[in-house]
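Close look at the chain arrangement
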Amino acid sequence: MSATYPRFGAEGPSPTLLDAPYWDGLRAGELRIQRCGQCARWIWTAEPLCPDCHTFDPGWEAVEPTGVVYTWTRTHRQFHPHAAVPYTTVLVELPQAGGRRVLGLYTGVDDPVIGAAVRGQFEPAAEADGWPLLRWSPA
Amino acid sequence: MTLALRGSVAVVGAGQTPYYKRGESPRSTKALVLEALIEAARDAGIDPREIDGFASWGDDPSEGTHVATTLGVHELRWSSLAWGGGGGGQVPAILQAAAAIATGQASCVAVYRGMNQAEEGRMPYAKGHFPHHYAAHGILTPVQVCAMRTQRMLEHDKVPASALEALALAGYHHAQTNPRAVAYGRPLDAEAYRASRLIAEPLRLYDCSRENDGAGAIILTSAERARHTRGKPAWILGGVQGFVRGWGELTENQDPYTSAGLVPSMVERLWRESGLTPADVDVTQVYENFTGPAVASLIDVGLVPPGPAAGDVMTVQNLTVPGGRLPVNTAGGNLADGFVHGIGVVLEAVRQIRGDSPNPVPGAQVSLLLGGPAAPQVGAVLFGSDAVV
């Protein structure tokens, strides 16, 4: 899949590096979500502590990059100086990860439909030191 | 149990600067805040140097300690900033000021918010609240978050889009009799609303709050002191702030997602502790960052039914003064009055009890303020007249 969808210069781990395993996962072709090794709670976005059992540094687990559209928006107003509009962002619910929801750009042609199944594709980074992104399309 | 605040704290003054087009204020943010504070003190009939507490919200750079120094206050006894992105800290700031007074830690606390976007940059209240997992996927501004919440409310919950339109048109309707409003003399009809450009689907230009430079302030004091001030008091009857588990800083993992965040247990507490019911509310100001989350707020507190029936209640006729059963945003709201991080709806909530509303609801005794919806923390507060308290 070619990188024809906009990028916003915000790819890669956050300054806390709490989410580094997520981004490393994308490089390995995996969708990794935080999951507490102690109580099995799914946590998203990444936290330093499990909010349920207070275990520090909860673990990570790879899940299938499939889900259902929870909601979406198509952005018409250009908020980023370089990213062309319109583009469509979906919020994808991951039933296999406790229903946690992840954001991503939608590559389908028609409007997303809430409840419809979608599948994620790994869009490679444009540069060697860049980060892949997960894009979503109808399953 | 009745909230201890009831009858112990009142708003006795309100003040504001004019609204300016964003970036065009003739004064700095701090000077705008000082102007609003002095006006509020004058309205209350107190010396501004007697203000001994300062409370604000969001990422307000006008720190109470700075403002108090320049104002030359005799003594600073309270300063607090309610955390949380967006407008969710607005009601918490009011309730924190009230708590300071009710516990005797301060006697005269100002709740204020000012903004000058030439000085602070665009959308200063949103900076730092769009971390990587939003921004990497093109979600860069509050409107896009609120668009996602609204899309599910429309598509999944089946709230009709006409509810959004009615809220926008009602605000503009009220602004036509409010000379202070930015949209004064600029009415909006359904045709123009529907023809306006899409910003982030399903939200259009007229679903979005304005952004203005300016400042506003209210002054709260104790029951004892309220009896000796000039203005009519607007008593705090009850309020809730914060969130319930399932809500907070969760990057679109909040539940229930299409709620404004005023979840049932918070709403139940609001009514129980105030001794009131939705039927007692005479007039409502709802913070509209965008129309969708404001409709969600009204649904949350039980003033509007959920789902398709929301459209039956959310009509321009119902929402407007003087005849409407659910008068909302009677000065125009953030959409049509002006937007300085929601201080405008605070001022109007108080004016409906104290007088000076551009569109007074006849005989209004109970005034409800619903704070910044869909934010990490949210709130609601009830103001009432002498007769109610």
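Scroll up to find the structure this text is about.
This write-up is about the structure you can find in this document. Keep in mind it's a predicted model, so treat the numbers as computed, not measured. (Residues numbered from 1 in each chain as written. Chains lettered and ligands numbered in written order. Predicted model: local features only at pLDDT ≥ 70, side-chain atom pairs only at ≥ 80, totals over all residues.)

When helices and strands are tallied, chain B shows 15 helices and 12 strands. By the compact-globule yardstick of 21 Å for 389 residues, chain B fits well, its C-alpha radius of gyration being 19 Å. Taken along its principal axes, the extent of the C-alpha atoms in chain B is 55 × 45 × 45 Å. (Helix = DSSP H or I, 4+ residues; strand = E, 2+ residues; numbered from the N terminus. Rg over C-alpha atoms; globule rule 2.2 N^0.38 Å.)

Let us now look at the overall build of chain A. In terms of helices and strands, chain A carries 1 helix and 8 strands. With respect to the three principal axes, the spread of C-alpha positions in chain A is 45 × 35 × 25 Å. Classification of the 139 residues of chain A by burial places 39% in the buried group. Put simply, of all contacts in chain A between residues at least 6 apart along the chain, 50% involve residues at least 24 apart. (Buried ≥ 20, exposed ≤ 12 C-beta atoms within 10 Å, placed from the backbone. Contact = placed C-beta atoms within 7 Å.)

In this section: the pairing of strand β12 (residues 378-384) of chain B. All names here are of chain B. Most of β12 sits inside the fold, with 7 of its 7 residues counted as buried. Burial along β12 is two-sided: V378, A380, L382 and G384 facing one way and G379, V381 and F383 facing the other are all buried. Relative to β12, strand β9 (residues 234-242) is paired through 7 bridges, and the arrangement is antiparallel. Residue pairing for β12: G242 is matched across the bridge by V378. (Pairing = 2+ DSSP bridges.)

This brings us to the nonpolar core. Residue and element names in this part refer to chain B. Formed by 166 residues in total, the largest nonpolar core has its most connected members in V109, I219 and V295. Per-element tally for this core: the top contributor is helix α3 (residues 90-102), with 10 residues. Residues contacting I219, with those up to four places away along its chain left out, are V11, V12, G13, A40, A41, A44, I51, C108 and A110. (Core = buried A, V, L, I, M, F, W, Y, C linked by C-beta atoms within 7 Å.)

Our next topic: the pairing of strand β1 (residues 31-35) of chain A. Residues and elements named next belong to chain A. Counting buried positions along β1 yields 5 of 5 residues, so the element is predominantly enclosed. Alternating positions in β1 separate into two faces, L31, I33 and R35 on one and R32 and Q34 on the other, with burial throughout. Here β1 runs beside strand β3 (residues 59-63); their pairing, made up of 5 bridges, is antiparallel. Residue pairing in the sheet places R35 in a bridge with G59 of β3. Note: β1 against strand β2 (residues 42-43), 2 bridges, orientation antiparallel. In the strand pairing of β2, R35 is matched with W42.

The next thing to look at is the environment of A374 of chain B. All names here are of chain B. In this structure, A374 sits in the loop between β11 (366-370) and β12. By the C-beta count within 10 Å, which is 29 here, A374 ends up buried. A C-alpha to C-alpha distance of 7.2 Å links A374 and S259, two positions 115 residues apart in sequence. With sequence-adjacent residues up to four places away left out, A374 is seen in contact with V145, C146, R149, A260, G261, P293 and A296.

A word on the sheet that holds β3 of chain A. Residues and elements named next belong to chain A. With antiparallel pairing, the 3 strands of this open sheet are ordered in space as β2-β1-β3. Each of the sheet's edge strands pairs with one partner strand only, and the pair in question is β2 and β3. Sheet strands in contact with helix α1 (residues 20-27) are β1 and β3, and its direction is about 155 degrees off that of β1. (Axes fitted to C-alpha atoms, helices over the stretch in contact; angles between N-to-C directions.)

Time to look at the environment of T17 of chain B. All names here are of chain B. Relative to the assigned elements, T17 resides in the loop between β1 (9-16) and β2 (20-21). For T17, a count of 24 C-beta atoms within 10 Å translates into the label buried. Between the C-alpha atoms of T17 and L32, which are 15 residues apart in sequence, the distance is 6.7 Å. Ignoring any residue separated from it by four or fewer positions in sequence, one finds T17 in contact with L32, E35, A36, G214 and A215.

Residues and elements named next belong to chain B. Summarising the element assignment, I343 is placed in helix α15 (residues 343-354). The class for I343 is buried, based on 29 C-beta atoms found within 10 Å. Separated by 190 residues in sequence, I343 and M153 have C-alpha atoms that sit 26 Å apart. When residues no more than four places from it in sequence are discounted, the contact partners of I343 are R113 and G216.

The interface is formed by 26 residues belonging to chain B together with 28 residues belonging to chain A. Of all the secondary structure elements, the ones that give two or more residues to the side of chain B that touches chain A are α5 (132-135), α6 (142-155) and β6 (198-200) of chain B. The greatest single-element share of the side of chain B that touches chain A, amounting to 6 residues, is contributed by α6 of chain B. In terms of residue class, the side of chain B that touches chain A is made up of 11 nonpolar, 10 polar and 5 charged. (Nonpolar A, V, L, I, M, F, W, Y, C, P; charged D, E, K, R; others polar.)

Residues and elements named next belong to chain B. Look at α6 against helix α11 (residues 291-300): their axes get within 8 Å of each other, and the N-to-C directions meet at 55 degrees. Classed by the angle they form, the pair α6 and α11 counts as oblique. Like other packed secondary-structure pairs, α6 and α11 cross with a definite hand, here left-handed. Where α6 abuts α11, its residues C146, R149, T150 and M153 lie against G292, P293 and A296. Looking at the contact of α6 with α11 residue by residue, the class counts come to 4 nonpolar, 2 polar and 1 charged. (Parallel < 35°, antiparallel > 145°, perpendicular 65-115°, else oblique. Left-handed = near helix turned anticlockwise from the far one by under 90°.)

A negative phi angle characterises most non-glycine residues, just as the trans form characterises most peptide bonds. Residues and elements named next belong to chain A. Along the chain, W44 connects to T45 via a cis peptide bond; the corresponding omega equals 5 degrees. For the peptide bond that leads from V85 to P86, omega is -5 degrees, which places it in the cis range. For P86, the location among the structural elements is in the loop between β4 (66-75) and β5 (87-94).

This part covers helix α2 (residues 64-71) of chain B. Structurally, the α-helix is built with 3.6 residues per turn, so residues lying three or four positions apart point the same way. Residue and element names in this part refer to chain B. Of all the positions in α2, only G64, V67 and A68 are classed as buried. Down the axis of α2, the smallest arc covering the buried residues is 100 degrees, so these residues share one side. Away from its buried face by more than 90 degrees, α2 exposes T65, T69 and T70. Against α1 (29-44), β3 (53-57) and β4 (78-82) lie the buried residues of α2. Directly after α2, the chain includes G72, whose backbone phi takes a positive value near 70 degrees. (Arc of directions from axis to C-beta.)

What follows is about the packing of α1 of chain B against α2 of chain B. Residues and elements named next belong to chain B. Packing of α1 against α2 leaves a shortest axis separation of 10 Å and a crossing angle of 65 degrees. Crossing hand, α1 versus α2: right-handed. The residues of α2 that touch α1, namely those facing K30, V33, L34 and L37, are H66, V67, T70 and L71. Broken down by class, the residue content of the contact of α1 with α2 amounts to 5 nonpolar, 2 polar and 1 charged.

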